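# Examining the three-dimensional arrangement
Single-letter residue listing:
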Amino acid sequence: MCGIIGVVGSPTTLETLLEGLERLEYRGYDSAGVALVKAGQTWRARAASGTESVAALRQECAAAPGGFQSGIGHTRWATHGAPITTNAHPHLDCSGNVAIIHNGIIENHRDLHDELEAKGHHFTSSTDSEVLAHLIEEWRAQGLELLESVRQSLLVVRGAFALAVVDAQEPDVIVAARRISPLVVGTTPGATYLASDVPAILDRAQAFYAVNDDEIVRLAPEGFRAIDLEGAPVRLRQLAIDWDLETAEKGGYDDFMTKEINEQPDVLRATLLDRRRNDGTITFDEMGVSDDELRAVTRVVLVAAGTSHHAAQVAKYAIERWARLSVEVDIASEYRYRDPIVEVGTLVIGVSQSGETIDTIQATREAKRRGARVIAVANVVDSSLAREADAVIYTRAGLEVSVASTKAFVAQVAALELLALRLAQLRQTLEPAEIAALFTSLNAVGEKVATTLTRRDQYEAVAHALGGARDFFFLGRHVGFPTALEGALKLKEVTYLHAEGYPGGELKHGPLALIEPGVVVVAVATDPAMHDKILSNLAEVKARGASVVAVATDGDETIGAVADFVLRVPATEPMFTPMVDVVPLQIFAYAMARGLGRNVDRPRNLAKTVTVE
Ligand code: AGP
């Protein structure tokens with residue numbers, strides 16, 4: 001979950017690290033730190049100032065001497081040990097020469113800690129990561145060079161890591177390694193870089209390479225070489241990176257969340273581009289599972305977390321309705337540990353914006369281990385999930401920076417519904433004309449989303465009117481249910497207010513007891529087939545004093561009888577409504593959060609990519 005960066009050979013080592021850390025803050029910002037190395041000297045600075053950690057670190061670094069040959073930097077999302085300066089990375093060994101940064105969890109850190117302490121090592125933090133510095137120190141003391149010391153150390157380490165190590169005795173070298181947690185290497189003439197995420201080094205490096213699990217890389221100014229845990233040389237695969245820095249900037253908006261909400265029409269267009277051939281065939285260029293294999297599918301299991309899980313839930317309705325396949329949707333962190341059944345014909349789809357969410361990666365690994373074919377629906381090209389799956393469908397949403405996912409959701413729903421149409425096509429469960437009509441409707445969704453964006457002021461006005469509310473229930477039926485879940489998640493993430501999503505029909509089975517004056521009920525009421533039922537639900541909560549907000553279609557006059565506030569959206573083919581209906585809910589959450597003075601891009605306690613279990 002932490003962000004890491006390193007550089008060797010740059011004339012601007014410190015500035016490269018600080019700028020990179022500023023771009024990595026979305027991975028965690030409990031604390032930040034750097035270690036800079038020149039012959040015989042390791043200089044370290046750290047700061048733990050919550051969301052201002054990198055800014056505070058920059059101030060600390062004003063006192064840094066010059067002439068450094070290499071350096072490493074870290075932004076932390078705390079897992080072991082409080083978010084305080086002594087737990088901030090980099091961590092040093094006893095000599096003060098070796099400095100390490102680490103993203104992940106060292107599962108056997110307690111045993112290693114005790115062994116190393118018994119040998120006389122002195123620990124200064126309560127992190128799991130610090131054992132790495134002392135382990136490496138042990139091997140350095142035996143005369144091994146840094147690369148070999150790291151390799152030997154990793155042979156006894158259990159857990160997940162992306163790590164980087166510098167040593168004042170080898171100032172022109174950084175050693176980095178990866179198991180599970182993401183790591184890329186970048187090169188440019190005279191300097192070599194590493195980072196947990198490409199944007200951190202995007203404007204510095206010219207070529208980018210993916211480090212795979214259990215590979216160790218030695219970075220030097222002239223380039224890098226990589227080995228596996230046995231010490232055998234390995235070649236790193238070059239990545240195709242098509243982002244420019246502008247993509248990672250706010251594009252003139254106050255924050256990334258607004259920028260990303262506004263990008264949704266374009267994102268939908270991009271996700272749907274070139275997906276249907278002239279003969280009507282739905283196609284995925286990057287798909288590595290054959291048509292015959294897709295025809296042989298007898299059951300679909302979707303695994304995902306958070307917003308991606310809500311998109312997966314929408315897909316269940318579409319695949320079952322159109323392709324007549326039985327679909328299960330599982331929370332990724334639950335799937336792995338419940339002894340799941342994988343039969344011949346089971347297709348597992350892992351859905352993830354980042355492609356690095358550890359729960360989703362581990363769930364798909366478990367599915368693969370049990371013999372399933374795995375498709376990744378991922379946004380980040382060449383991410384771990386994408387690389388490990390048998391096939392990948394990219395959502396083409398572009399870099400999403402705001403912790404609260406918005407544009408990735410609509411792209412995921414579009415990609416998954418396209419896949420549902422493809423399955424229906426192969427299984428001949430829909431007529432070609434039906435598929436053509438649905439594809440046309442799907443293509444029109446971007447325009448409808450654009451229309452909702454022109455109504456931003458109306459949605460914000462509803463949020464302002466409800467500014468004092470503290471309890472929210474989001475209701476929906478059919479695909480309106482995952483939309484309601486997503487609306488509730490957005491609100492709680494960025495406002496820190498209590499919000500829950502429920503299927504409308506479930507209300508009377510318990511939650512109704514919580515409805516009283518002051519509570520706000522937000523209902524997704526755009527599906528004509530479910531309209532009367534939702535209206536009945538709203539009448540029930542209104543009778544008990546709740547304030548009612550409804551997402552309703554243009555021209556729906558009946559909604560006014562039960563709703564105090566209406567968030568109007570254009571009418572859409574019911575299965576595609578989540579992509580349209582979610583927009584007023586995103587803007588509603590955003591406006592509530594701004595009203596409360598929240599940092600919408602970096603909500604407390606959260607990180608953009610969750611790479612620890
Ligand atoms: C979304 O707003 C959240 N920040 C979070 O739930 C996120 O969707 C989840 O962590 C999954 O991330 P992924 O799509 O990158 O796998």
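Note that this is a predicted model, so its numbers are computed, not measured.

## Focus: the overall build of the protein
The helix and strand inventory of the protein stands at 18 helices and 25 strands. Over its C-alpha atoms, taken along the principal directions, the protein stretches across nearly 80 × 55 × 45 Å. Expressed as a percentage of its 613 residues, the buried residues of the protein come to 62%. When contacts within the protein are restricted to residue pairs at least 6 apart in sequence, those whose partners lie at least 24 apart make up 71%. Here the protein displays about 21900 Å² of accessible surface, and carbon together with sulfur accounts for 48% of that area. In the protein, 59 side chains carry a positive charge and 82 a negative one; their mean positions are 2 Å apart.

## Considerations on the site of the ligand
If you check the shell around the ligand, you find 14 residues, and the closest are Ser 308, Ser 352, Gln 353, Thr 357 and Glu 493. Val 403 is positioned with one of its backbone polar atoms (N or O) 2.8 Å from a nitrogen atom of the ligand. Between an oxygen atom of the ligand and a main-chain N or O atom of Ser 405, the distance comes to 2.8 Å. Protein contact buries 90% of the 410 Å² of open area that the ligand shows by itself. Looking at the shell around the ligand residue by residue, the class counts come to four nonpolar, eight polar and two charged. Split by domain, the residues of the shell around the ligand number at least three in each of domain 2 (260-443) and domain 3 (450-595).

## Concerning the pattern of salt bridges
Per the counting criterion, the structure on display carries 39 salt bridges. Ionic pairing is found between Asp 291 and Arg 422, a salt bridge with its closest N-O pair at 2.8 Å. Of this pair, Asp 291 sits in helix H8 (residues 291-295) while Arg 422 sits in helix H13 (residues 407-427); the two residues are 131 residues apart in sequence, bridging distant segments of the chain. For Asp 291, a relative accessible area of 34% puts it in the partly exposed group. Overall, the relative accessible area of 8% leaves Arg 422 in the buried class. A salt bridge links Arg 455 to Asp 554; its shortest N-O distance comes to 2.9 Å.

## Here's the deal with the packing of helix H7 (residues 264-272) against H13
Direction vectors running N to C along H7 and H13 enclose 30°, while the axes themselves pass 9 Å from each other. Between H7 and H13, the interaxial angle falls into the category roughly parallel. For the element pair H7 and H13, the recorded crossing hand is right-handed. Counting all contacts with H7, which are made through Gln 264, Val 267, Leu 268, Thr 271 and Leu 272, the residues of H13 involved are Lys 407, Val 410, Ala 411, Ala 414, Ala 415 and Leu 418. Grouping the amino acids of the contact of H7 with H13 by side-chain chemistry returns eight nonpolar, two polar and one charged.

## Remarks on the nonpolar core
Counting residues in each nonpolar core, the largest one holds 91 residues, and the members touching the most others are Trp 322, Ile 349 and Phe 472. Ranked by residues supplied to this core, first place goes to H13 with 14 residues. Shared between two domains, this core holds at least three residues of each, these being domain 2 (260-443) and domain 3 (450-595). Residue contacts for Trp 322: discarding those within four places in its chain leaves Glu 417, Ala 420, Leu 421, Ala 424, Thr 429, Leu 430, Leu 438, Met 575 and Phe 576. Core analysis: the second largest hydrophobic core is formed by 30 residues, Leu 24, Leu 36, Ala 191 and Ala 205 among them.

## Some thoughts on the packing of aromatic side chains
In total, this model carries five aromatic pairs according to the counting rule given. Plain terms: the ring middles of Phe 472 and Phe 588 are 6.2 Å apart, the flat faces sit at 75° to each other, and that makes the pair edge-to-face. Here Phe 472, found in strand E21 (residues 471-476), pairs with Phe 588, found in helix H18 (residues 577-595); they are 116 residues apart in sequence, far enough to count as distant. We note that Phe 472, like Phe 588, is buried. One residue, Arg 456, lies across the ring of Tyr 590, its end atom 5.1 Å from the ring centre.

## Examining helix H11 (residues 358-369)
Every α-helix carries 3.6 residues per turn, so stepping three or four residues along brings you back to the same face. For H11, with 12 residues, the first-to-last C-alpha span of 16 Å sits near the 16 Å given by 1.5 Å per residue. Within H11, nine of the 12 residues are buried, leaving the element largely enclosed by the surrounding structure. All buried positions along H11 are accounted for by Ile 358, Asp 359, Thr 360, Ile 361, Gln 362, Ala 363, Thr 364, Glu 366 and Ala 367. Residues of H11 that are buried sit in contact with strand E16 (299-304), helix H10 (332-335), strand E18 (346-352), strand E19 (373-378) and helix H12 (384-388). Within two residues after H11, Gly 371 carries a phi angle of roughly 100°, on the positive side.

## Notes on the side chain of Glu 260
The residue Glu 260 is located in helix H6 (residues 256-262) in this model. Of the side chains with opposite charge, Lys 407 lies nearest to the buried Glu 260, which makes no salt bridge, at 4.9 Å. Only 3.2 Å separates the side chain of Glu 260 from the backbone nitrogen of Ser 402, close enough to count as a polar contact. The residues touching Glu 260, leaving out its near neighbours within four places in the chain, are Leu 399, Glu 400, Val 401, Ser 402, Thr 406 and Lys 407.

## Here we look at the environment of Arg 225
Mapping Arg 225 onto the fold places it in strand E13 (residues 223-228). Between the C-alpha atom of Arg 225 and that of Arg 235, which follows or precedes it by 10 residues, the distance is 7.8 Å. Among residues more than four places away in sequence, those in contact with Arg 225 are Glu 145, Leu 147, Ile 216, Val 217 and Arg 218.

## Points about the sheet that holds strand E24 (residues 547-553)
What the five strands build is an open sheet, ordered E22-E21-E23-E24-E25; its pairing is parallel. Here the strands that pair on one side only, and so sit at the sheet edges, are strand E22 (498-503) and strand E25 (565-569). Adjacent strand axes in the sheet meet at a mean angle of 20° when their direction is disregarded. Across four bridges, E21 lies against strand E23 (residues 520-524) in parallel orientation. Its bridge partner being in E23, Leu 475 is matched across the sheet by Ala 523. Seen against the sheet, H18 touches E21, E23, E24 and E25 and runs at an angle of roughly 135° to E25.

## Quick notes on the sheet that holds E16
In space, the five strands of this open sheet follow the order E17-E16-E18-E19-E20, with parallel pairing throughout. Edge strands, defined here as strands with exactly one partner in the open sheet, are strand E17 (326-331) and strand E20 (391-394). Taken over all neighbouring pairs, the strand axes of this sheet differ in orientation by 20° on average, direction set aside. By the bridge criterion, four bridges tie E19 to E20 in an arrangement that is parallel. Looking across to E20, one finds that Ala 378 is bridged to Tyr 394. Against the sheet, helix H9 (residues 306-323) makes contact with E16, E17 and E18, and its axis sits at roughly 170° relative to E17, the strand it touches most. Relative to E18, H13 is tilted by about 165°, and along the sheet it contacts E16, E18, E19 and E20.

About the criteria used
Each chain carries its own residue numbering, running from 1 in the direction its sequence is written. Side-chain atom pairs in this predicted model are given and counted only at pLDDT of 80 or more, local residue features only at pLDDT of at least 70, and totals for whole chains, interfaces and linings cover all residues. Side-chain numbers here rest on the full set of heavy atoms in the structure, without hydrogens or water. A run of H or I in DSSP becomes a helix once it reaches four residues, and a run of E becomes a strand once it reaches two; helices and strands are each numbered from the N terminus. Three labels apply to residues, based on accessible area from a 1.4 Å probe with only protein chains included: buried if under 20% of the type maximum, exposed if over 50%, partly exposed otherwise in between. Only heavy atoms enter the contact rule, under which two residues are in contact if any of them lie within 4.5 Å. All accessible areas in this document rest on Shrake-Rupley with a 1.4 Å probe, and a residue is counted as covered only by the protein chains that are shown. Counted charges follow a simple rule, with Lys and Arg positive, Asp and Glu negative, and His plus the chain ends left uncounted. Taken as the charge centre is NZ of Lys, CZ of Arg, CG of Asp or CD of Glu, depending on the residue. Nearness is defined per residue: one heavy atom within 4 Å of the molecule or strand is enough. Polar contact is the term for a pair of N or O atoms within 3.5 Å; when the atoms are in protein, one must be able to donate a hydrogen and the other to accept it, and sequence-neighboring residues count only if both atoms are side-chain atoms. We call Asp, Glu, Lys and Arg charged. Ala, Val, Leu, Ile, Met, Phe, Trp, Tyr, Cys and Pro are nonpolar, and the rest, Gly among them, are polar. Where each domain begins and ends follows an automated or database-derived domain assignment. Take a side-chain nitrogen of Lys or Arg and a carboxyl oxygen of Asp or Glu: if they are within 4 Å of each other, that pair is a salt bridge. For every element, the axis is a line fit to its C-alpha atoms; helices are fit only across the contacting stretch, and the angle between N-to-C directions ranges from 0 to 180 degrees. Each angle is binned into one of four classes, with values under 35 degrees roughly parallel, values over 145 roughly antiparallel, values of 65 to 115 roughly perpendicular, and all other values oblique. Left-handed is the label given to a crossing in which the near helix is rotated counterclockwise from the far helix by less than a right angle, and right-handed is the label when the rotation is clockwise. Within this scheme, the nonpolar core is defined by two criteria: the residues are buried Ala, Val, Leu, Ile, Met, Phe, Trp, Tyr or Cys, and they are joined through side-chain atoms within 4.5 Å. When two rings of Phe, Tyr or Trp (its six-membered ring) have centres within 6.5 Å they constitute a pair, described as stacked for plane angles under 30 degrees, edge-to-face for angles over 60, and tilted for the intermediate range. In this analysis the charged atom, NZ for Lys or CZ for Arg, is taken to sit over a ring once it is within 6 Å of the ring centre and within 35 degrees of the ring normal. Multiply 1.5 Å by the residue count of a helix minus one, and that product is the helix's expected span. Between any two strands, pairing holds if DSSP finds at least two bridges.

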